[in-house]
Amino acid sequence: MTAWAQSLIRISNYEVETLQKRLAEIGARRADAEMRLAVLDAEAEAERDRARADASAAMMLGAYLNGWKERKGAAEADLVT
C-alpha cells in the first residue's frame, strides 16, 4: 500500500473516531436532559402532594409551578438541540 493511501486511511479513521466521540457526547447530553425532565416531573408531583396536605404550601404552589415550567422548558430545549 502506498504512503498516500495509508495517510488517507489514517485521516478517515480519525474522522470516524471524532464522529463517534461527538455522537457519544450527544447521547450523554440527551440522557442527562431526559433525567432532568424525569426529576423535575417527580419534584412537581411531590410539591402537588405537599400542597394537598399543607395550606401554606398550596398558596406557594403556583409560584413553584411557574419556575418549574421554565426549568422544564430549558430541559426540553436541550433535548431539541
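The coordinates are above.
Residue positions are given per chain, counting from 1 as you read along its sequence in written order. A pLDDT threshold of at least 70 governs which residues receive local features in this predicted model, and a stricter bar of 80 or more applies before side-chain atom pairs are shown or counted, although totals over entire chains, interfaces and linings include all residues. Processing note: side-chain calculations cover all non-hydrogen atoms of the structure and skip hydrogens and water entirely.

J.: Describe the overall build of the chain, with residues and values.
T.: Every helix listed is a DSSP run of H or I at least four residues long, and every strand listed is a run of E at least two residues long, numbered separately from the N terminus. Across its full length, the chain carries two helices and zero strands. For the radius of gyration, the atoms used are the C-alpha atoms, and the globule rule reads 2.2 Å times the number of residues raised to 0.38. Expected size for 81 residues packed as a compact globule is a radius of gyration near 12 Å; at 23 Å, the chain overshoots this value by more than 25%. Considering only C-alpha atoms, the chain reaches an extent of 80 × 15 × 10 Å along its principal axes. We call a residue buried when its accessible area falls under 20% of the maximum for its residue type, exposed when it is over 50%, and partly exposed in between, using a 1.4 Å probe and counting protein chains only. The buried share of the chain, reckoned over its 81 residues, is 15%. Counting contacts in the chain only where the partners sit at least 6 residues apart, residues at least 24 apart contribute 56% of the total. Contacts: residue pairs with any heavy atoms within 4.5 Å of one another.

J.: Explain the packing of helix H1 (residues 3–53) against helix H2 (residues 55–80) residue by residue, including any values.
T.: Any two packed helices are characterised by the angle at which their axes cross and by the distance between the axes. Axes here mean lines fitted to C-alpha atoms, for a helix over just the part in contact, with angles spanning 0 to 180 degrees between N-to-C directions. Here H1 crosses H2 at 170°, and the two axes come no closer than 9 Å. Accordingly, the angle class assigned to the pair H1 and H2 is roughly antiparallel. Of the residues assigned to the contact of H1 with H2, the class counts are 15 nonpolar, no polar and twelve charged. For classification purposes, angles smaller than 35 degrees are called roughly parallel, those larger than 145 roughly antiparallel, those between 65 and 115 roughly perpendicular, and all remaining angles oblique. Any residue outside Ala, Val, Leu, Ile, Met, Phe, Trp, Tyr, Cys, Pro, Asp, Glu, Lys and Arg is labelled polar, Gly included; the first ten of those are nonpolar and the last four are charged.

J.: Give a detailed account of the packing of aromatic side chains, specifying residues and quantitative values.
T.: Between 30 and 60 degrees the pair is tilted, below 30 it is stacked and above 60 it is edge-to-face, where a pair is any two Phe, Tyr or Trp rings, Trp via its six-membered ring, whose centres lie within 6.5 Å. The full count for this structure, using the stated rule, is zero aromatic pairs. It is Arg48 that lies over the ring of Trp68; its NZ or CZ is 5.7 Å from the centre. Each ring is checked for a lysine NZ or an arginine CZ that lies within 6 Å of its centre and within 35 degrees of its normal; such an atom marks a charge sitting over the ring.

J.: An account of H1 is requested, with residue identities and associated values reported.
T.: Multiplying 1.5 Å by the residue count of a helix minus one yields the expected span of that helix. The end-to-end C-alpha distance of H1 is 75 Å, a good match for the 75 Å that 51 residues give at a rise of 1.5 Å each. Turning to H1, its buried residues are Ala5, Ala33, Leu37, Leu40, Ala44 and Ala51. Each element contacted by the buried residues of H1 is listed here: H2.

J.: I'd like a description of the pattern of salt bridges, backed by residues and values.
T.: What makes a salt bridge here is a side-chain nitrogen of Lys or Arg within 4 Å of a carboxyl oxygen of Asp or Glu, nothing more. All chains considered together, the criterion is met by eight salt bridges. Close ionic contact of Arg36 with Asp78 constitutes a salt bridge, the shortest N to O distance being 2.4 Å. Remark: Asp78 occurs in helix H2 and Arg36 occurs in helix H1; sequence separation between them is 42 residues. The partner of Glu45 in a salt bridge is Arg48, and the shortest N-O contact between them spans 3.8 Å. Highlighted residues: Glu45 and Arg48, both in helix H1, separated by three residues, approximately one helical turn. A relative accessible area of 27% places Arg48 in the partly exposed class.

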